[in-house]
Each structure stands twice: as C-alpha cells, then as structure tokens.
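A structural walkthrough
Here is how the chains run, residue by residue.
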Amino acid sequence: MSNPFGTVPPDAILAGEATDAYFERTRATLEHADKNPHVVAEVTADQFPTGEFDVFTGVKDVATLFEGRNVDVDALPDGQLFDGGPVCRIEGPYLEFAALETALLGFLSQPSGFATAALEARVAAPDSLVLSFGARHVHPSIASTVERAALLAGLDGFSHVAAGEILGREAGGTMPHALMFCFGEGNQADAWTAFDEAVGEDVPRIALVDTFWDEKSESLLAAETLGDDLDGVRIDTTGSRRGDFRHIIREVRWELDARGHEDVDIFCSGGLVPETIRNLRDVADGFGVGSHITGADSVDFSLDIVEIEGEPISKRGKLSGVKDVYRTPDGGHHVALADREAPDDGESLLEPLVRDGEVVREFDLETATDRCLTDAAAVDFGSTLEE
Ligand SMILES: O=P(O)(O)OC[C@H]1O[C@H](OP(=O)(O)OP(=O)(O)O)[C@H](O)[C@@H]1O
C-alpha cells in the first residue's frame, strides 16, 4: 500500500493536482480560447490594516511549489508579522500557476494560523518555558507543520517525535497518565522511580502529579521520592476538577517550598489559552499548550489577480494594482501601490522568493524565529491581545 492513509502525496501537489476542479476547467477554457494573459496576482488576508497582526509562514513550501515554473514570486520573509495588504505576489502567464492556487493558499493559511496562535501563547508568558503539546489534535502527516510553527513563534520545544526528526530538534515532554495507571493508585512513587531509572540522563524528571490524589499530596510524594533528582511536577488537572487553578498551583508551590523543594518547578497543561497562561505565569514555571495552537483558525488568505497585461484590475471589494507593504519605525503596517512613493521611513517588506523559476532565498528557522519575536515586539503584538 503506497498511500495507506489516503493523504494527497507530495508529487500530486507539485504536479498541480492538489487543486480545485474549477481551475482545471479554467485551463481548458483558456486553452480553448487561446488565452494566457500575463498577470500579477497577490495573496492577501485583509485589503487594509485592521489593527490585528498575524504571523506569516509557509513560505518555504511556496518556494518549493513554484520552483522551476516560469514565474517571479515575491513574499514576506518567514516569520514576518503583517496586517493587511499582500503577503505574496506572483507574476507570470496565468496558466503557469492557475492550478497551484489551492495548494499555495493551503501552504500559507493553516501554518500561519498555527504560528499566530503559538505567538499568542509565547507573549502571554515571555519568560516561562512554553512547549507545544498539540500534535495529537491534527492529522499526523502535518504534525511537523504544527511543531515548526510553534518553534517559529518562539516556543521552547515540542512533543512530537517524528516532527523532531524532520526539524532536527529532539522532542521533549514529561509522562502520560497512562504510565501512572500502569503502576496503579498508591504506587505513584514506583512509577516515578522507574521513570527515573529508565530514561536518559538528559530527560528532565518531571512527575505527573494529578492522577489519583490531590496535587499537593502527589507533589510532595514526588519530591520525597526523587529528592534532588526531581526537576519539576506537571499539573494537568482536568477542567471539571480544576476549581481555582491558580490557587492550586500557589498551594503546591507553598507546600514544596515549606519542605525545602524550592528548586522543583511547576509545569501546567490542559486546555491552556493565552488568558490562563498570563494569569498563571507568575506562579508556574512552564506550560504545555496544545489545542490553542492546533485549533487556531487558518488565516483567511485569498489570491486575486490585480494586474492583467499591465492594466490594474480587481473584483468589487478588492484593491486593484500591484502593491507593496511597508513597516514604519512606529510599528505601523502600510499598504500602498508599489509604483508610488513609500511612506516616510517605511521599509518594504516583500522580498524576492522566485525569479524565473529559481528559488532565490534561503530559509533558516532560527532567523525566522528572531524575526517573528523582534517584529512582535516592534508592533507590540502582546498588548493588542490584552485589550
Ligand atoms: O489541552 P491541550 O492544550 O490540547 O494539551 C494537550 C494535551 O496535553 C495534556 O495531555 P496529557 O499528557 O496529560 O494526556 P494524557 O491524559 O493522555 O496523559 C492535556 O491534557 C492535553 O490532552
């Protein structure tokens, strides 16, 4: 079985088959009419700035999609924040890329949504350890897309092992409730001891402490059991039992400290959203975030032809003409026609990606992460979330 899970294979995407049927009919119609106009098309989410920024990513896959085709492509750099206007611009004979629109938008929309949500988690607790735990919520074939978006947005790590192979970063994590069940109630100390004996020295000893008893009792038992070897406890209290989660964490902190376990960190997980992370960041040391990232709305990108045979064109409600987007030192994001003067001190954000079918940009995740976090500070991304 070459395709046991029925996913669309990479070859089909590169061949332009990962498309909507109406693009195939468009090709048939244009070829029948002997038309293949030279066009400029732009990918946008919003025409004008809205006051809300998103993270742009997926651009490396777009470069791969367009490599070897008779087009020029410009795009924002990976990890750039944007608010309105084009994030990507394609120029060439329309039939050279018509069928690629569906895959192009997919490569950008969902990863940018994941990265934006991950950045929300990042800025909610800038000084805490924040890990991506949500791979279980998506189709396994895109787990590395989730984890890459999490790293791009500055998260400290992720849990998915195969994604780690692809990204060149080792997956991390603690222990599941299943492990605690296998030892049984009353035998939590045996479970933590066996874990300590079994796993590599580089694995942090973080005991899961919400399984059978209250979090304080299990935390103290973990500290007594592993002593100085215990790095932390994870509290994943389910929502129905959570009550005042902040109070629970403060109580655990108090009781650990009272017995000399100030070095034991407290790690939280389970349905965390930026608001809860912000509320816990001064009492917890780290967070595992899943569904907030994996459940993020895709960024609603669309592709529109804005110039045809050198003449501006657009559907109603969209802006015609080739545009550029600019960042000004005050963090402003500006959209303007590309042939007009840039705003004062405005830095053009669109950069060459493909020229005559050749990819002209290099990709580096660390550079993209730096860009994302620097730009998030420049546009004060966190403050817009706290309003
Ligand atoms: O709620 P999310 O933000 O999506 O977090 C992702 C997962 O991480 C935790 O799982 P845990 O390892 O505790 O799962 P388990 O009960 O299977 O052990 C949490 O309970 C979620 O299932």
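Every chain begins its residue count from 1, and numbering advances along the sequence as written. Restriction of local features to residues with pLDDT of at least 70 applies here, the model being predicted, together with a cutoff of 80 or more for giving and counting side-chain atom pairs; totals for whole chains, interfaces and linings are based on all residues. With hydrogens and water set aside, each side-chain value is computed from the structure's full complement of heavy atoms.

Side note on the sheet that holds strand E15 (residues 333-337)
- Strand order in the open sheet formed by three strands is E15-E14-E16, and the pairing between neighbours is antiparallel. This sheet does not close on itself; its edge strands, each paired only once, are E15 and strand E16 (347-348).
- For two strands to be treated as a pair, DSSP must find at least two bridges joining them. Counting from the N terminus, the helices are the DSSP runs of H or I reaching at least four residues and the strands are the DSSP runs of E reaching at least two. As paired elements, strand E14 (residues 323-327) and E16 share two bridges and run antiparallel to each other. The residue of E16 that forms the bridge with Arg327 is Glu347.

Here we look at the nonpolar core
- The nonpolar core is taken to be a set of buried Ala, Val, Leu, Ile, Met, Phe, Trp, Tyr and Cys residues, with the residues joined through side-chain atoms within 4.5 Å. Each residue is assigned to one of three classes by its accessible area relative to the maximum for its type, calculated with a 1.4 Å probe on protein chains only: buried under 20%, partly exposed between the two thresholds, exposed over 50%. Leu81, Leu119, Ile249, Cys268 and Phe287 are the most contacted members of the largest nonpolar core, which totals 59 residues.
- A total of seven residues in this core trace back to one element, the largest contributor, which is helix H4 (residues 101-124).
- Per-domain counts for this core show at least three residues from each of domain 1 (10-114 + 299-386) and domain 2 (124-294).
- Here a residue-residue contact requires only that any non-hydrogen atoms of the pair lie within 4.5 Å. The contacts of Ile249, once residues within four sequence positions are left out, are Ile235, Ile266, Cys268, Leu280, Val283 and Ala284. Residue ranges assigned to the domains are those given by an automatic or database domain assignment.

Details of the site of the ligand
- Any residue with at least one heavy atom within 4 Å of a molecule or strand is counted as near it. Close to the ligand lie Phe133, Arg136, His137, Pro176, His177, Arg234, Asp236, Gly270, Gly271, Val289, Gly290 and Ser291.
- Pairs of N or O atoms within 3.5 Å make up the polar contacts considered here, provided that, within protein, one atom can donate a hydrogen while the other can accept it, and that residues adjacent in sequence are counted only when both atoms are side-chain atoms. A distance of 2.7 Å separates an oxygen atom of the ligand from a polar side-chain atom of His137.
- A distance of 2.7 Å separates an oxygen atom of the ligand from a polar atom in the backbone of Gly271.

Topic: the UniProt feature "domain: Quinolinate phosphoribosyl transferase N-terminal" (unreviewed entry) in the protein
- UniProt positions are given in the numbering used here, feature names are shortened, and annotations may be inferred rather than shown by experiment. Within the UniProt annotation, "domain: Quinolinate phosphoribosyl transferase N-terminal" (unreviewed entry) is assigned to residues 20-112.
- As annotated, residues 20-112 has a helix share of 34% and a strand share of 25%, and its two end C-alpha atoms lie 21 Å apart.

What to know about the UniProt feature "domain: Quinolinate phosphoribosyl transferase C-terminal" (unreviewed entry) in the protein
- As recorded in UniProt, the feature "domain: Quinolinate phosphoribosyl transferase C-terminal" (unreviewed entry) lies at residues 115-304.
- Between the C-alpha atoms that bound residues 115-304 there is a distance of 24 Å. The span itself is 45% helix and 13% strand.

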